[in-house]
Amino acid sequence: MAASTAAGKQRIPKVAKVKNKAPAEVQITAEQLLREAKERELELLPPPPQQKITDEEELNDYKLRKRKTFEDNIRKNRTVISNWIKYAQWEESLKEIQRARSIYERALDVDYRNITLWLKYAEMEMKNRQVNHARNIWDRAITTLPRVNQFWYKYTYMEEMLGNVAGARQVFERWMEWQPEEQAWHSYINFELRYKEVDRARTIYERFVLVHPDVKNWIKYARFEEKHGYFAHARKVYERAVEFFGDEHMDEHLYVAFAKFEENQKEFERVRVIYKYALDRISKQEAQELFKNYTIFEKKFGDRRGIEDIIVSKRRFQYEEEVKANPHNYDAWFDYLRLVESDAEADTVREVYERAIANVPPIQEKRHWKRYIYLWINYALYEELEAKDPERTRQVYQASLELIPHKKFTFAKMWLLYAQFEIRQKNLPFARRALVLWKSYIDFEIEQEETERTRNLYRRLLQRTQHVKVWISFAQFELSSGKEGSLAKCRQIYEEANKTMRNCEEKEERLMLLESWRRFEDEFGTASDKERVDKLMPEKVKKRRKVQADDGSDAGWEEYYDYIFPEDAANQPNLKLLAMAKLWKKQQQEKEAAEQDPDKDMDESES
């Protein structure tokens with residue numbers, strides 16, 4: 001009882017507490033520990049003693065112990081395939097092939113997706129010349145894992161090394177049914193070529209370019225035909241490739257290869273046609289190599305005309321890029337049209353003109369239309385002078401006149417050119433409908449002294465256009481009629497014209513009308529009439545506005561002159577502001593003059 005009590009009173013001794021927790025002065029690192037261990041060779045274990053087996057019983061005992069070790073390792077972790085492979089290889093080293101097979105089969109039951117396991121298994125059978133067993137394993141492997149290309153390569157190589165060409169071909173055919181990667185097809189083709197089976201290789205290529213329809217594969221197919229002397233077949237392959245990819249998926253490498261093939265065959269005209277066909281359809285960015293090869297070809301075999309064609313093609317691509325970047329860059333369209341007119345057919349020229357005139361200025365202001373309208377003029381002149389097609393020329397003129405917003409502004413040049421064209425065509429009824437013959441018509445009526453008819457002609461003309469020159473001509477006609485009340489009628493025309501042109505965007509034309517009116521009043525009007533016109537004259541002011549480049553970016557500011565008319569109600573505050581500014585400027589000038597010459601002011605005050 002006492003002993004138990006004493007035992008119960010025994011306690012585990014307490015761990016001494018560390019009073020000084022400061023780091024030691026000399027620190028020992030893990031690196032130092034490892035270095036000292038290496039120097040002292042503390043981790044080196046002595047090699048196991050060599051064991052000599054002297055009789056069969058001892059050998060069997062050794063095998064039993066070794067197998068038990070392998071089985072124990074497998075039992076501990078069945079998924080470690082390296083243990084299975086070491087076990088099978090040990091059995092193989094003892095020539096226990098059947099035991100090794102059993103081990104491999106057990107391992108495949110554990111992980112049949114392990115590629116190394118299948119390879120080691122088959123290699124064991126091949127090493128021991130067990131061909132049928134190896135075939136069986138390869139068949140099982142490619143059936144279980146058909147996407148592992150290594151199995152197929154090994155299987156076909158084994159059959160070929162055994163001289164079983166038919167068997168290897170059969171394996172290749174089974175492989176191709178899975179539509180493998182490109183290298184597998186090349187291996188099959190090279191296999192057939194090793195046995196001079198060109199027709200079989202061609203058949204494989206036919207299937208290959210459909211499974212992997214890349215440009216490089218079509219080129220390889222064509223070069224295969226060319227290499228074996230089948231030039232007609234090679235040309236046919238290139239033509240089929242061009243048709244296969246069409247215009248939507250054109251690739252410059254295909255056309256370069258096609259052209260080089262024809263160049264090797266001395267078919268220089270075919271080469272030129274191929275290059276031109278491709279350059280007309282492939283964008284500039286994707287045709288750099290094509291241009292380069294075409295230039296080299298023309299320098300080698302072409303003449304001056306061929307080299308000029310290359311230059312024209314390059315410039316055409318440049319203009320295409322410019323007009324795509326900014327369709328309203330009319331200068332680029334003019335350059336492009338001059339180029340195609342000098343070299344292209346009529347249909348091509350018309351196509352470019354139609355594309356150009358489709359880019360109507362987005363703003364209905366005359367200054368934005370001045371460059372654009374010349375596209376129509378050049379189009380009409382081309383149809384008349386180059387294409388010799390009067391009907392199309394007439395359609396171009398009529399379409400342009402319908403497009404121009406005559407209520408806001410017009411182009412007398414278009415009417416004039418249209419009428420002159422109709423006169424050249426001896427089509428006077430059409431010419432009379434145009435504006436240009438109005439002046440001749442009016443002059444004729446004036447010569448006949450048909451004042452009322454002339455007046456009616458002017459009124460009809462003003463219904464078509466509100467051009468300032470028509471108003472001035474009308475006023476001068478009334479003045480020159482010499483009849484009673486001609487001055488009043490002339491003044492009335494000027495007043496009507498001024499009222500009509502208040503909404504005119506072309507302020508220079510409105511100023512031209514007022515200046516003509518003032519000259520009239522200076523010669524025939526009273527002082528009050530002159531004063532009235534002077535009050536209508538605008539103020540000329542300098543303004544600034546932003547300028548945009550062709551690409552839409554800001555290009556700074558530009559100064560321009562604008563006219564502020566007193567009659568415009570919206571301009572009344574501006575005129576008051578201008579008057580106040582002028583008055584302030586005058587006062588500033590007088591003040592500066594007084595400061596510069598004070599004696600003069602004193603003299604003036606004394607006098």
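Please refer to the structure placed before this passage.
Report follows, based on the coordinates.

Parameters and conventions
- The residue count restarts for each chain, going from 1 along the sequence in the order it is written.
- Local features are withheld for residues below a pLDDT of 70 in this predicted model, meaning they are given only at 70 or higher, and side-chain atom pairs are given and counted only at 80 or more; totals for whole chains, interfaces and linings count all residues.
- Side-chain measures were taken over the full set of non-hydrogen atoms in the model, leaving aside hydrogen atoms and water.
- Between N-to-C directions, angles cover 0 to 180 degrees, with each direction set by a line fitted to C-alpha atoms, over the stretch in contact for helices.
- Secondary structure elements are defined from DSSP: runs of H or I of at least 4 residues count as helices, runs of E of at least 2 residues count as strands, and each element is numbered from the N terminus.
- The labels follow the angle: roughly parallel below 35 degrees, roughly antiparallel above 145, roughly perpendicular from 65 to 115, and oblique for the rest.
- Take the far helix as your reference; a near helix turned counterclockwise from it by less than a right angle gives a left-handed crossing, and one turned clockwise gives a right-handed crossing.
- In this description, contact between two residues means that some pair of their heavy atoms is separated by no more than 4.5 Å.
- Lys, Arg, Asp and Glu make up the charged group, whereas Ala, Val, Leu, Ile, Met, Phe, Trp, Tyr, Cys and Pro make up the nonpolar group; the residues left over, Gly among them, are polar.
- Summary of the burial criterion: residues with accessible area below 20% of their type's maximum are buried, those above 50% are exposed, and those between are partly exposed, where the area comes from a 1.4 Å probe applied to protein chains only.
- Residues enter a nonpolar core if they are buried and are Ala, Val, Leu, Ile, Met, Phe, Trp, Tyr or Cys, with the set joined through side-chain atoms within 4.5 Å.
- As used in this structure description, the phrase polar contact means that two N or O atoms lie within 3.5 Å; if the pair is within protein, one of them must be able to donate a hydrogen and the other to accept it, and residues adjacent in sequence are counted only when both atoms belong to side chains.

Below, the discussion takes up unusual backbone geometry. The phi dihedral of glutamine 179 falls on the positive side, at around 50 degrees, and the residue is not glycine. At lysine 196, a position not held by glycine, the phi torsion is positive, near 60 degrees.

Our next topic: the packing of helix α8 (residues 149-161) against helix α9 (residues 165-176). With their axes 8 Å apart at the nearest point, α8 and α9 run at an angle of 160 degrees to one another. In terms of orientation, α8 lies roughly antiparallel with respect to α9. Note that α8 runs across α9; the crossing there is left-handed. For the pair formed by α8 and α9, the contact residues are Asn149, Trp152, Tyr153, Tyr155, Thr156, Glu159 and Glu160 on the first element and Gly167, Ala168, Val171, Phe172, Arg174 and Trp175 on the second. Per-class residue counts for the contact of α8 with α9 are seven nonpolar, three polar and three charged.

Turning our attention to the side chain of threonine 156. Among the secondary structure elements, threonine 156 is positioned in helix α8. Taking relative accessible area as the criterion, threonine 156 reaches 5% and is therefore assigned buried. Contact partners of threonine 156, with chain neighbours within four places excluded, come to Ala168, Val171 and Phe172.

Let's shift gears to the nonpolar core. The biggest cluster of nonpolar side chains holds 79 residues, and the ones touching the most others in it are Phe151, Tyr238, Leu254, Tyr255 and Leu290. Here this core gets seven residues from one element, more than from any other, and that element is helix α14 (residues 252-264). The contacts of leucine 254, once residues within four sequence positions are left out, are Val215, Ile219, Tyr238, Ala241, Val242 and Phe245.

A few words on the environment of arginine 147. Tracing the backbone through its elements, the reader meets arginine 147 in the loop between α7 (131-144) and α8. It is 9.7 Å that separates the C-alpha atoms of arginine 147 and glutamine 179, two residues lying 32 residues apart in sequence. The residues contacting arginine 147, other than those within four sequence positions of it, are Trp178 and Gln179. Of note is the side chain of arginine 147, whose polar atom sits 2.7 Å from the backbone oxygen of tryptophan 178.

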